[in-house]
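Below are the chains, spelled out letter by letter.
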Amino acid sequence: MKLTVNDVTFSYQSSLSLDKVSIEIPETEILGIIGPNGSGKTTLLKCINKILKPKKGNIILDGHEIQKMSRLEIAKHIGYVPQSSVKPYALNVFEIVLMGRRPHIGWQSSETDVDKTWKALEMLGIEHLALRHFNELSGGEQQRVLIARSLAQEAKILLLDEPTSNLDIKHQLEVMELTRELVTKKNIASVIAIHDLNLASRYCDKIVMMKNGKIFSAGNVSSVLTPEAIRSVYSVDVIVNYTNNIQQIVPIRPSTPAMIKVQH
Ligand SMILES: Nc1ncnc2c1ncn2[C@@H]1O[C@H](COP(=O)(O)OP(=O)(O)OP(=O)(O)O)[C@@H](O)[C@H]1O
Ligand SMILES: [Mg+2]
């Protein structure tokens, strides 16, 4: 599935949260979206998923403008795991993951839907949580449930907004490995907003670096994650090391003095 973001501009109030953003989402790759807090990553993912309507520009999915597609139609192609779930789901985990099948089924779920739901739970290692209430899970467990739901949805494009932010180190790696496996085996695309530059460099094929609602740079990991770019965008000095062909970013210290001084 081909997805292109053309010159998209969006503002919540007066200032622009996205300013003429254009991206071509590679069809079978992981695209990482990085950038400081408030740089527009979530806003971009929400525009792609038609949760927000751009002021200018458009988003085209396989020749069709997203704005003209119904929510159900979009959900057949695009899966979205939000940064934080605001909905207090009064449902159990199994029901939530089964909801991922909704775009494909009528009102009655079939055996296949139930099978796919179990499979998704299994892939995320959360079968044991199936009957637990979503609201009573830890942040990391909730995150894995929502990823399982998007797996059950069988979307061709998976939008993940900081999927590893609440996860421990093992589950961070597992979620990234799983995304990698899905992208490779099922030939899907994934767009991941992510703060961890080392996870981004390890798992993303391409990276878009945002600053103040604009694209600061985009391309291969090594061309985007340079010490110069990181200094310009985050005001942090870093050293970039290469170990076993993996680019590792080690922060030194912020280049501007901390605002708050610790009192002795
Ligand atoms: N609902 C909203 N109403 C008004 N302004 C908003 C709203 N949501 C986000 N913004 C503003 O839009 C800009 C972009 O926010 P966005 O959430 O897209 O950033 P982000 O890159 O996802 O940040 P983070 O890394 O903290 O998740 C910020 O300046 C933010 O304050
Ligand atoms: Mg965000």
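Residues numbered from 1 in each chain as written. Chains lettered and ligands numbered in written order. Predicted model: local features only at pLDDT ≥ 70, side-chain atom pairs only at ≥ 80, totals over all residues. Heavy atoms only, no water.

**A closer look at the side chain of S150**
Among the structural elements, S150 can be located in helix α5 (residues 139–152). Looking at S150, its side chain comes within polar contact range of the main-chain oxygen of I147, at 2.8 Å. (Helix = DSSP H or I, 4+ residues; strand = E, 2+ residues; numbered from the N terminus. Polar contact = N/O pair within 3.5 Å; in protein donor to acceptor, adjacent residues only side chain to side chain.)

**Brief notes about the nonpolar core**
Judged by nonpolar contacts, the single largest core of 49 residues is most densely connected at I34, V97, L124, V145, I207, M209 and L225. By residue number, the principal contributor to this core is α5, which donates six residues. The contact partners of I207, leaving out residues within four places of it in the chain, are L31, G32, I34, A200, S217, A218, G219, V221, V224 and L225. Membership of the second largest hydrophobic core comes to 29 residues, among which are C47, L52, I74 and I157. (Core = buried A, V, L, I, M, F, W, Y, C linked by side-chain atoms within 4.5 Å. Buried < 20%, exposed > 50% of the residue type's maximum accessible area, 1.4 Å probe, protein only. Contact = heavy atoms within 4.5 Å.)

**What about the pairing of strand β1 (residues 3–10)?**
Burial of β1 is extensive: six of the eight residues sit out of reach of the surface. Where β1 and strand β2 (residues 18–25) come together, five bridges link them in antiparallel fashion. Bridging across to β2, L3 finds its partner in I25. (Pairing = 2+ DSSP bridges.)

**Looking at the sheet that holds β2**
Across the sheet, four strands lie side by side as β2-β1-β4-β5; this open sheet has antiparallel pairing. In this open sheet, the two strands that pair with only one neighbour each are β2 and β5 (64–65).

**Here we look at the coordination of the magnesium ion (ligand 2)**
Around the magnesium ion (ligand 2), the protein contributes the donor atoms T42 (OG1) and Q83 (OE1), at 1.9 to 2.3 Å from the metal centre. With T42 in helix α1 (residues 41–48) and Q83 in the loop between β6 (78–81) and α3 (93–99), this pair connects stretches of sequence that are 41 residues apart. (Donors = N, O, S within 2.8 Å, 3.2 Å for Na, K, Ca; no water.)

**Some thoughts on the pattern of salt bridges**
Pairs can form between side chains of opposite charge once their charged atoms are near each other. This structure, assessed with the given rule, holds eleven salt bridges. Between R101 and D113 there is a salt bridge, with its nearest N and O atoms 2.9 Å apart. Linking R101 in the loop between α3 and α4 (111–123) with D113 in helix α4, this pair joins segments that are twelve residues apart in sequence. Side by side, R101 and D113 carry an identical accessibility label, which is buried. For K116, the salt bridge identified is with E154, shortest N-O distance 3.1 Å. Of this pair, K116 sits in helix α4 while E154 sits in the loop between α5 and β7 (157–161), and the two are 38 residues apart along the sequence. We classify K116 as partly exposed; its relative accessible area is 29%. A cluster of three or more residues bridged by salt bridges with shared partners is formed by R101, D113, K116 and E154. (Salt bridge = Lys/Arg side-chain N within 4 Å of Asp/Glu carboxyl O.)

**As for the site of ligand 1**
The full set close to ligand 1 counts 14 residues, and S17, G38, K41, T42 and T43 are the nearest of them. With respect to ligand 1, the backbone of G38 contributes an N or O atom lying 2.8 Å from an oxygen atom. Contact with the protein chains removes 63% of the 640 Å² of surface that ligand 1 exposes when unbound. Here the residues of the shell around ligand 1 are counted per class, giving two nonpolar, ten polar and two charged. (Near = heavy atom within 4 Å. Areas by Shrake-Rupley, 256 points an atom, 1.4 Å probe, with all protein chains shown as cover. Nonpolar A, V, L, I, M, F, W, Y, C, P; charged D, E, K, R; others polar.)

**Digging into the side chain of S190**
Along the chain, S190 falls in strand β8 (residues 189–193). Judged by relative accessible area, S190 falls into the buried class, the value being 0%. Only 3.2 Å separates the side chain of S190 from the backbone oxygen of L158, close enough to count as a polar contact.

None of this, on its own, says anything about what the molecule does.
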